[in-house]
Amino acid sequence: MKTDYITNGSTPPPYLAYPRFLLGMNIRLTAKEVYAIMLDMILNSEAAQTDKRGQRYLAFYNKTIAEIIDRTPSTVAQSLRELEDVGLVEKKLIALHTPYHIYIKLPIVESET
């Protein structure tokens, strides 16, 4: 890979948004990585779908994300369980032998009054 110094005219490379709230969460780094990838997919991908309530979701098998982060599907499944436990992901089984509908959730920012 060729590299160069960053200057005022440098074009940033493609990147994933990494939400700051993940920094203080007590979940594994892999779960944070999975969340960042799914958030990017739901916001910037044609893979995201919308249900009849207007809520966006992803429908994929764990293997899809496992290939992106070079981990096993079981590692992705464990990360999804962690994200479910903290309320950042909700999985809905629609039918047997089909991928779950995975809803990516954002924390509610409470205003200080």
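As shown above, the structure is provided for reference.
Residues numbered from 1 in each chain as written. Predicted model: local features only at pLDDT ≥ 70, side-chain atom pairs only at ≥ 80, totals over all residues. Heavy atoms only, no water.

Caption draft 1: View of the sheet that holds strand S3 (residues 89-92). Judged by pairing direction, the sheet is antiparallel, and its 4 strands sit side by side in the order S1-S2-S4-S3 without closing on themselves. Either end of the sheet is taken by a strand with one partner, and the two such strands are strand S1 (49-50) and S3. Relative to strand S2 (residues 56-59), S1 is paired through 2 bridges, and the arrangement is antiparallel. From the neighbouring strand, Gln49 faces S2, where its bridge partner is Tyr57. Running at roughly 115 degrees to S3, helix H3 (residues 73-85) makes contact with S3 and strand S4 (101-104) of the sheet. (Pairing = 2+ DSSP bridges. Helix = DSSP H or I, 4+ residues; strand = E, 2+ residues; numbered from the N terminus. Contact = heavy atoms within 4.5 Å. Axes fitted to C-alpha atoms, helices over the stretch in contact; angles between N-to-C directions.)

Caption draft 2: Representation of unusual backbone geometry within the structure. Phi is positive for Asp70, which is not a glycine, with a value near 55 degrees. Mapped onto the secondary structure, Asp70 falls in the loop between helix H2 (62-69) and H3. Classification of Asp70 as exposed rests on a relative accessible area of 68%. Of note in this structure, His97 is not a glycine but carries a positive phi near 65 degrees. Looking at where His97 falls in the secondary structure, it is placed in the loop between S3 and S4. (Buried < 20%, exposed > 50% of the residue type's maximum accessible area, 1.4 Å probe, protein only.)

All quantities given are derived from atomic positions and should not be read as evidence of function.
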